[in-house]
Amino acid sequence: MSNRLPVDHFVNDDGTDGWSTSPGGLVTALEPLMRASDGAWVGWPGVADKEFEPFENDGISIVPVTLSSAELEEYYEGFSNDTLWPLYHDVISPPAFHREWWEAYVRVNRRFAEAAAAVAATGATVWVHDYQLQLVPRMLRSLRPDVVIGFFNHIPFPPYGIYSQLPWRKQILDGLLGADLIGFQRIADAGNFTRAVRRLFGYATRGAAIDVVDPDGRPRRVIAKQFPISIDAASFENLARRPDIQERAKQIREDLGNPKTIMLGVDRLDYTKGIGHRIKAYGELLREGRLSVEDVTLVQVASPSRERVGAYMALRDEIELAVGRLNGDYSTISNSAISYYHRGYPREEMAALYLAADVMLVTALRDGMNLVAKEYVAARFDADGVLVLSEFAGASDELKQAILINPHDIEGVKNAIMQAVEMPKRERSRRMRALRKRVFDNDVATWSASFLETLTGGAAVQGGVPENLVSALRELSANETLLVALDFDGTLAPHVDEPDDARAVEGAQDAVKRLLELPGVRVALVSGRALVSLRQVADPADGVLLAGSHGIEVQLDDSGLEIDLDSAELEQLETLARVLERISGPVAGTWIEKKPAGLALHTRQATPEDGIGVQREAKAQVEELLPGLTIRDGKNVLEFSVRASTKGDALAQLREHTGADAVFYAGDDVTDEDAFAELGPDDLGLKIGPGASGARFRVRGPEEVAQVLALLADFRASADAHGEANGPSAE
Ligand code: GDG
């Protein structure tokens, strides 16, 4: 989730809506992952007052959130960009506090949270981005306690003395603490955040861990730490290596009159970027004769930004006045002091500019990271060029071989510029090589992987079977009798829209067959599916034990099975049916399905708003009329059941029935957590995919489960052959 979607809207010639992908670093980093995990991106499409239906773009579901033009003014231009932005950037410009802006911020954050709650699968991982959405984690957690929530703050987090000016300082912190993991650019930002939490909430913190208490009174651990963002370095280098881009870089140098030194600044026109400080230092060097326009020129790209916010209008006037003065004082007919461009350029032109520039000036007064600095480094495959970098940009924590400056110290900036202009080639390339190593070692893919690994336990992101799991399987296989209990959908079979279409992957089918034939091994399927539906995918005649409907229906042989509800349960079922029919009846796209001991309310074909509304209403009424009834959240479905049972209950029953010495359990769903909780130290739990889990091991998907089961069968077979397991065959 981010304020802006990674797509731009346009209108086709025939009046229909069209979408183009904006190729930002975030999209590049997350695209493969989102595609692989059936991901959705929730955000605002960039046009006010227009509603768009969710759609697919390049394999990613796009879920547009609507903003009115009044909300755009109050939530986005107002609270986000004229309250939070200046406050979080050291109050370089005074923040404005308006209660109506805050109210709009709350309202819009709630809309985002609801949109995510409506589309996230059970146990999904939701990654919320940036300061516009700081209330979303808490709101989302209360709507969907099952999802795992990460938050990343792209801008700095200010010291307490500044942060505490915010009239809504407690609400914002509380909003963020709804997340499981809160990521910052710098270690200093994470420290500022943790200190603010201690001051305002008194929670205990140890290192990155904060022990919070949720509104329901339950303790929970939140992690707050730094994850410095980066760029897709390889793709930037590839761009710079293109012959047409190199040709263009040469052309730029020629058009500027082939000066000895070209200096470059590339920034959004923002008061945090220190553009004025840069121009001032350069102007003084020209005035003092330390530099001359015959030898040196400055190219400044200032891309238009937030042009309806007063402080940005004033900044533009100020910068353009300074540029005009400098050119008036020092430019000649053949040499300009500054070439200033107030417009955006395509990425290709940016790469050519980076290649053409001998010195890159990044003089931000405060900047979360500053990706321009990293892009410059990535583009310089020739290991040339000098980076002058502000200490107040997050990038300076990593890019130590740049010439680091304090932009407020104008004399210091001037000396740094002179050092850059005069730096010998050998030193330039030594520094640039070190900078490049850093940027390529820590690119945006590493960044997102390490964030997600911390959030979800991570192995989910990689393929294959981890080494420590292999040895645990070997150990497990040596037990005398073994129960292999498996969830079906998402574990043996990939998730599909129609349950009837689900099939276990081939390797898993083979491995299960082998396990069934091995002495001392029992195999069970433990599923949320009703038993009838489970029988479609596994045959009890083959010896598979079945536990359906989260353990309400357990089949331990190949005879038929009916479950008998007692009269109290039947009465509850009747009430439940009445309530659900009343709520779902009038709403198109919702329907009720009969379950062995309850009912399921489906909202898959309703609009997201209707779906959320119907679910919320149903939950509230059922909780009131039938307190204690089991309710399960699924993707676009709510399941109510009059008999309380969990997969944990099912597993306990199966363990007792088989008398197994050890249990292997694998599952991907939140409901599988009840089963993991049943496992003892000699058992082995395997979580499939991302999401918080009590399982000891984790793999990516059904293909990996197949490999794991095959390994287990191999170990077991060879243990039998060597008489290590004293199973029935050995007796
Ligand atoms: C925020 C934080 C943090 C700029 N002009 C043009 C253009 N750009 C591209 C740059 C770069 C990006 O925009 C700017 O990123 P920065 O990191 O420099 O700064 P912010 O926009 O303030 O970003 C910042 C970042 O979030 C990520 O977390 O680093 O601290 O403030 O990629 O190349 N791109 C094109 N034409 C332009 O005219 N194509």
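Attention in this report is confined to the structure presented alongside it.

1. As for a negative patch on the surface
Judged by side-chain charge, Glu-51, Glu-53, Glu-609 and Asp-610 come together as a negatively charged surface patch. With respect to the helices and strands, Glu-609 occurs in helix α21 (residues 608-625). Overall, Glu-609 belongs to the exposed group, its relative accessible area being 58%.

2. Re helix α15 (residues 425-441)
For α15, which comprises 17 residues, the first-to-last C-alpha distance of 24 Å matches the rise-based estimate of 24 Å (1.5 Å per residue) to within 8%. Residues of α15 that are buried: Arg-428, Ser-429, Arg-431, Met-432, Leu-435, Arg-436 and Val-439. The arc enclosing the buried residues of α15, seen along the axis, measures out at 165°, which places them on a common side. In α15, the exposed residues that point more than 90 degrees away from the buried face are Arg-426, Arg-430, Arg-433 and Lys-437. Packed against the buried residues of α15 are α8 (233-241), α13 (371-379), β16 (386-390), β17 (403-405) and α14 (410-422).

3. A few points about the sheet that holds strand β5 (residues 60-64)
On the basis of which strands lie adjacent, the open sheet formed by three strands has the order β3-β5-β4 and mixed pairing. Edge positions in the sheet fall to β3 (40-43) and β4 (55-57), since each has one partner strand and no second. Adjacent strand axes in the sheet meet at a mean angle of 35° when their direction is disregarded. Inspection of the sheet shows β3 paired to β5 by four bridges, in the parallel sense. When the sheet's bridge partners are listed, Trp-41 is paired in β5 with Ile-62. Across the sheet, helix α3 (residues 99-119) touches β3 and β5, and the angle it forms with β3 is around 160°.

4. Some remarks on the packing of aromatic side chains
What the rule picks out here adds up to 28 aromatic pairs. Aromatic side chains Trp-127 and Trp-447 sit 5.2 Å apart centroid to centroid with 35° between the ring planes, which places their arrangement in the tilted category. Highlighted residues: Trp-127 in strand β6 (residues 125-129) and Trp-447 in helix α16 (residues 444-456), separated in sequence by 320 residues. Take Trp-447: its relative accessible area is 1%, and that puts it in the buried class. The ring of Phe-201 has Lys-170 lying over it, and the distance from NZ or CZ to the ring centre is 4.9 Å. It is Arg-306 that lies over the ring of Trp-85; its NZ or CZ is 4.1 Å from the centre.

The rules behind the values
Residues numbered from 1 in each chain as written. Predicted model: local features only at pLDDT ≥ 70, side-chain atom pairs only at ≥ 80, totals over all residues. Heavy atoms only, no water. Patch = residues over 30% accessible without salt bridge, like charges linked within 9 Å, V, L, I, M, F, W, Y side chains within 5 Å. Areas by Shrake-Rupley, 256 points an atom, 1.4 Å probe, with all protein chains shown as cover. Salt bridge = Lys/Arg side-chain N within 4 Å of Asp/Glu carboxyl O. Lys, Arg positive; Asp, Glu negative; His and termini not counted. Charge placed at Lys NZ, Arg CZ, Asp CG, Glu CD. Helix = DSSP H or I, 4+ residues; strand = E, 2+ residues; numbered from the N terminus. Buried < 20%, exposed > 50% of the residue type's maximum accessible area, 1.4 Å probe, protein only. Expected span 1.5 Å × (residues − 1). Arc of directions from axis to C-beta. Contact = heavy atoms within 4.5 Å. Pairing = 2+ DSSP bridges. Axes fitted to C-alpha atoms, helices over the stretch in contact; angles between N-to-C directions. Phe/Tyr/Trp six-rings, centres within 6.5 Å; stacked < 30°, edge-to-face > 60°. Lys NZ or Arg CZ within 6 Å of the ring centre and 35° of its normal.

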